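Here is what each chain is made of, one letter per residue.
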Amino acid sequence: MAAPLNMEQSALSLELLPTDPLLLILSFLDYRDLISCCYLSRRLNQLSSHDPLWKRHCKKYWLISDEEKSRQSQSWKAIFISTYHDLGRYIRYYATLKKAWDDLEKYLGQRCPRMIGSLKESVQEEDLDAVEAQIGCKLPDDYRCSFRIHNGQKLVVPGLMGSMALSNHYRSEDLLDIDTAAGGFQQRLGLKQCLPLTFCIHTGLSQYMALESVEGRNKYEIFYQCPDQMTRNPSAIDMFITGTSYLEWFTSYVNKVVTGGYPIIRDQIFRYVHDKECVATTGDITVSVSTSFLPELSSVHPPHYFFTYRIRIEMSKDALPEKACQLDSRYWRITNAEGDVEEVQGPGVVGEFPIISPGRVYEYTSCTKFSTTSGYMEGYYTFHCLYYKDKFFNVTIPRFHMVCPTFKVSTARMVSRDAETNHNEHAVDEDEDSTDTDEYEDRRRVFDIPAPSGCCPRHT
């Protein structure tokens, strides 16, 4: 009868494995565990320093290529350790942000090369520490990490964070460098402990990041400020939320750009969003629509939410020459979130009567405003044939939806609301008593836009 198996004697020590299978096991370890192995035994110390093991970590965490490694004339392990000493606190974020920056530079280098020239070189840890001491707040690590790659951009036009052009209104946002951002750090009520991330030199518009959870904001939340126009309290500032963290905010924007979600127009990034289903084809003519919310022209109190839309009208290049036609008029059916419907009909679009022929594209931009946080538009264009002038036909405009981003109302809004009640009620009574015609209502909705908007064509 065989002797019982002695489990203690049969236990296999990891370091007694042959070299190849042991290296294979070590290749699955994270960098922390690989370093820990250095302290277990002389053999594991030797094997855990095997250079190919560290190549994976250099590529995963620091995005170091073989070409960069060859230029540094160091082992993979030495490169990992030296990079960790410099950027180790950002190891959770660095690869994601570095890839976003690399993708953005590559994409813009091919389509907007002059924008690349506006990017500023990285800053060092001591520069970021000095800013924290200056403003008296800690900067989030993902924000600091991004500035270790690029220190924002110079104050130039166009801005890296997108443009918008509409009639006499123009916005282009720069990504602020760390010193300019620190200079705009806010301590006043309504924007207490908020750091600007972007700035538009035309409108003064900024996106801010909350460095503390105060005044109803979450820590590191990113937003456009929106002053409450129904109170005299300057600290009553509502917020249109654009991000929950710097990492999410920046990488989601870059992804929109490099995947073509935001179009490049006249060497600028335009923040129009196109729903792939928002396309309609009638015969040889295709109409597609993209939209954008304009926070600088919108308000939570009173509620008016301003949107711009860009329409592309294209005739198939395979269409017969006699299919050439000219746009005569447009019809819109506009529905807000409460189901209220408005119909608009008129000649041309934006004062023009474009001719569409095979292969030709016509694009234009217009705008609308809702008293509700969402709504949609649909309609049709009426064309006449150039070869058969008595022949008219309609071309469908697909239904497109516009939705206001998430917003938060000011925690200070109610403080002075009671004092303003009588004044506001009196103002409303005056409006209602002046006229109740549809024509007046349309004019009022167009022109009561906060500065510096000017007026814009509507529903064209």
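By the naming in an unreviewed UniProt entry, the protein chain goes by FBX3 protein and is assigned to Centropus unirufus. Regarding the protein chain, the UniProt comment filed under Pathway (unreviewed entry) reads as follows: "Protein modification; protein ubiquitination."

Draft legend 1. Seen up close, the sheet that holds strand 7 (residues 222-227). The sheet built from 5 strands is open, its strands ordered 4-6-7-8-20 with antiparallel pairing. At either end of the open sheet lies a strand with only one pairing partner, and these are strand 4 (194-196) and strand 20 (407-408). With respect to the sheet, helix 13 (residues 246-258) is in contact with strand 6 (207-210), strand 7 and strand 8 (237-243), its orientation differing from that of strand 8 by roughly 65°.

Draft legend 2. Highlighting the layout of surface pockets. Empty space within the second largest pocket amounts to approximately 660 Å³. Lining the second largest pocket we find 23 residues, and of these Tyr262, Arg271, Val273, Phe293 and Pro405 sit closest to its centre. Secondary-structure elements contributing two or more residues to the lining of the second largest pocket are strand 8, helix 13, strand 12 (285-293) and strand 19 (392-403). At 4 residues, the largest contribution of residues to the lining of the second largest pocket is made by helix 13. Of the residues belonging to the lining of the second largest pocket, the class tally is 14 nonpolar, 6 polar and 3 charged. Looking at which domains feed residues into the lining of the second largest pocket, each of domain 2 (94-258) and domain 3 (272-406) supplies at least three.

Draft legend 3. Molecular detail of the side chain of glutamine 268. Along the chain, glutamine 268 turns up in strand 10 (residues 268-269). Here glutamine 268 falls in the buried class, since its relative accessible area comes to 9%. Setting aside its immediate chain neighbours within four residues, glutamine 268 contacts Cys112, Met115, Pro158, Ser163, Tyr170, Ser172 and Pro263.

Draft legend 4. Spatial organisation of the environment of aspartate 103. Structurally, the position occupied by aspartate 103 is in helix 8 (residues 94-111). For aspartate 103 and valine 258, which are 155 residues apart along the polypeptide, the C-alpha to C-alpha distance reads 6.9 Å.

Draft legend 5. Quick peek at the nonpolar core. Counting residues in each nonpolar core, the largest one holds 63 residues, and the members touching the most others are Leu139, Tyr143, Leu160, Tyr246 and Phe250. Summarising the domain contributions, this core has at least three residues from each of domain 1 (18-90) and domain 2 (94-258). Those residues in contact with tyrosine 143, other than ones at most four positions away along the chain, are Ile178, Ala181, Leu195, Leu197, Met209 and Tyr246. Counting 36 residues, the second largest nonpolar core, distinct from the first, contains Phe240, Phe307, Val349 and Met402.

Draft legend 6. Fine view of the packing of helix 5 (residues 51-62) against helix 7 (residues 76-87). At a minimum axis distance of 7 Å, the contact between helix 5 and helix 7 shows a crossing angle of 35°. Once helix 5 is placed against helix 7, the crossing between them reads as left-handed. Across the interface between the two elements, Asp51, Trp54, Lys55, His57, Cys58, Lys59, Tyr61 and Trp62 from helix 5 touch Trp76, Lys77, Ile79, Phe80, Thr83, Tyr84 and Leu87 from helix 7. Considered class by class, the residues forming the contact of helix 5 with helix 7 number 9 nonpolar, 2 polar and 4 charged.

Reading the values: the criteria
Residues numbered from 1 in each chain as written. Predicted model: local features only at pLDDT ≥ 70, side-chain atom pairs only at ≥ 80, totals over all residues. Heavy atoms only, no water. UniProt positions renumbered as here; feature names shortened; annotations may be inferred. Pairing = 2+ DSSP bridges. Helix = DSSP H or I, 4+ residues; strand = E, 2+ residues; numbered from the N terminus. Contact = heavy atoms within 4.5 Å. Axes fitted to C-alpha atoms, helices over the stretch in contact; angles between N-to-C directions. 1 Å grid on protein atoms, 1.4 Å probe; cavity = no way out; pocket = protein on both sides within 12 Å on 5 of 7 lines; lining within 4 Å. Points joined across faces, edges and corners; volume = space filled by probe spheres on them. Nonpolar A, V, L, I, M, F, W, Y, C, P; charged D, E, K, R; others polar. Domains from an automatic or database assignment. Buried < 20%, exposed > 50% of the residue type's maximum accessible area, 1.4 Å probe, protein only. Core = buried A, V, L, I, M, F, W, Y, C linked by side-chain atoms within 4.5 Å. Left-handed = near helix turned anticlockwise from the far one by under 90°.

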